[in-house]
Amino acid sequence: MFVVKLGGSVITDKSKKYFFKKEVMDKLSIEIKKANKDIILVHGAGSFGHILAKEYMLNQGYRNDEQLQGFSLTHAMVQKLNSLVLSSLHDKGIAAVSIPPHVILKLDDHKPSKMDYNVFRDYLDKGFTPVTFGDVALDKKLGFSICSGDLLLQMLAKHFKPEKVIFALDEDGLYTSNPKIDKNAEFIEKSTMDELENFTTNSNRYADVTKGMEGKIETIKNIANLGIDIVLLNGNIDNRLYDTLIGKETKHTLIYGEKK
Ligand code: IPE
């Protein structure tokens, strides 16, 4: 079984509010269908969530009543993106069901405090593809906050111990330094967490091109610590996801889970 996250930067244009990249999503749906594996799918919020969440400062928790409207609106928009993702999956013949995180989990100061994993298990056992997504969520300490797709990925990985966790990004994977500014940047095909750790001592940390990747390293570490392999791949390029799912060689970064 695999837990796969489709990053918000792959399925939306992060610079344009509510811009869904239907063609990319359709391509990914075809690859997922073709691979025919048990998958829990997580998708990011991209420009359907981040812009509003920032505007209303939702991740800082409750501060004023105006945010309530912001919370509802943000949820409605990520739910809308989720409907678009589901339609694409359905069109390609995948029995996808939506599992909105805000109804099955509760956070406590940004950390998971309660989650119903059974609903994922039950749907998987019946042959469905559960689909969850970065969302707003209730938070015991803060009133509410944001539950990112990356957090969901970590929680699902810990609980289900999948064969691999896969991130579909808008980059090929990780580099030894930022390839946009460093000509000597080398692509990392395979790495242990220790080796990867060495790159952090470098001033040009981790490589990838987007700032978002820095936060991603934390997620990667947490998943590798569970003993689970993580693959980062380019979701825009044909068959990278498909090849990875079926175990065929392709360009991607593989981070080995720590074997204890
Ligand atoms: C963010 O989810 C959720 C909201 C802003 C409501 P993610 O952090 O997983 O989204 P992406 O992948 O960065 O777009």
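Right, let's walk through the structure included here. Everything numeric in this text was worked out from a predicted model, so none of it was measured. (Residues numbered from 1 in each chain as written. Predicted model: local features only at pLDDT ≥ 70, side-chain atom pairs only at ≥ 80, totals over all residues. Heavy atoms only, no water.)

Quick word on the sheet that holds strand β12 (residues 253-255)
Within the open sheet, the eight strands sit side by side as β3-β6-β2-β1-β9-β11-β12-β10. Their pairing is mixed. Sheet topology places β3 (96-98) and β10 (190-191) at the edges, where each strand pairs with a single neighbour. Sheet analysis places strand β9 (residues 164-169) next to strand β11 (residues 229-234), joined by six bridges and oriented parallel. If you follow Lys-164 over to β11, its bridge partner there is Asp-229. The strands that helix α4 (residues 66-91) touches are β2 (39-43), β3 and β6 (129-133); relative to β3, the one it contacts most, it runs at about 170°. The strands that helix α6 (residues 118-125) touches are β2, β3 and β6; relative to β6, the one it contacts most, it runs at about 145°. (Pairing = 2+ DSSP bridges. Helix = DSSP H or I, 4+ residues; strand = E, 2+ residues; numbered from the N terminus. Contact = heavy atoms within 4.5 Å. Axes fitted to C-alpha atoms, helices over the stretch in contact; angles between N-to-C directions.)

Some remarks on the environment of Val-103
Note on placement: Val-103 falls in helix α5 (residues 101-104). Between the alpha carbons of Val-103 and Gly-257 there is a distance of 31 Å; along the sequence they are 154 residues apart.

Here's the deal with the pattern of salt bridges
Following the criterion strictly, the structure yields eleven salt bridges and no others. The shortest N-O distance in the salt bridge between Glu-31 and Lys-27 comes to 2.8 Å. Taken together, the residues Glu-31 and Lys-27, both in helix α2 (residues 22-35) and four residues apart, mark about one turn of the helix. Pair check on accessibility: Glu-31 and Lys-27 agree, each one buried. The shortest N-O distance in the salt bridge between Arg-121 and Asp-125 comes to 3.3 Å. (Salt bridge = Lys/Arg side-chain N within 4 Å of Asp/Glu carboxyl O. Buried < 20%, exposed > 50% of the residue type's maximum accessible area, 1.4 Å probe, protein only.)

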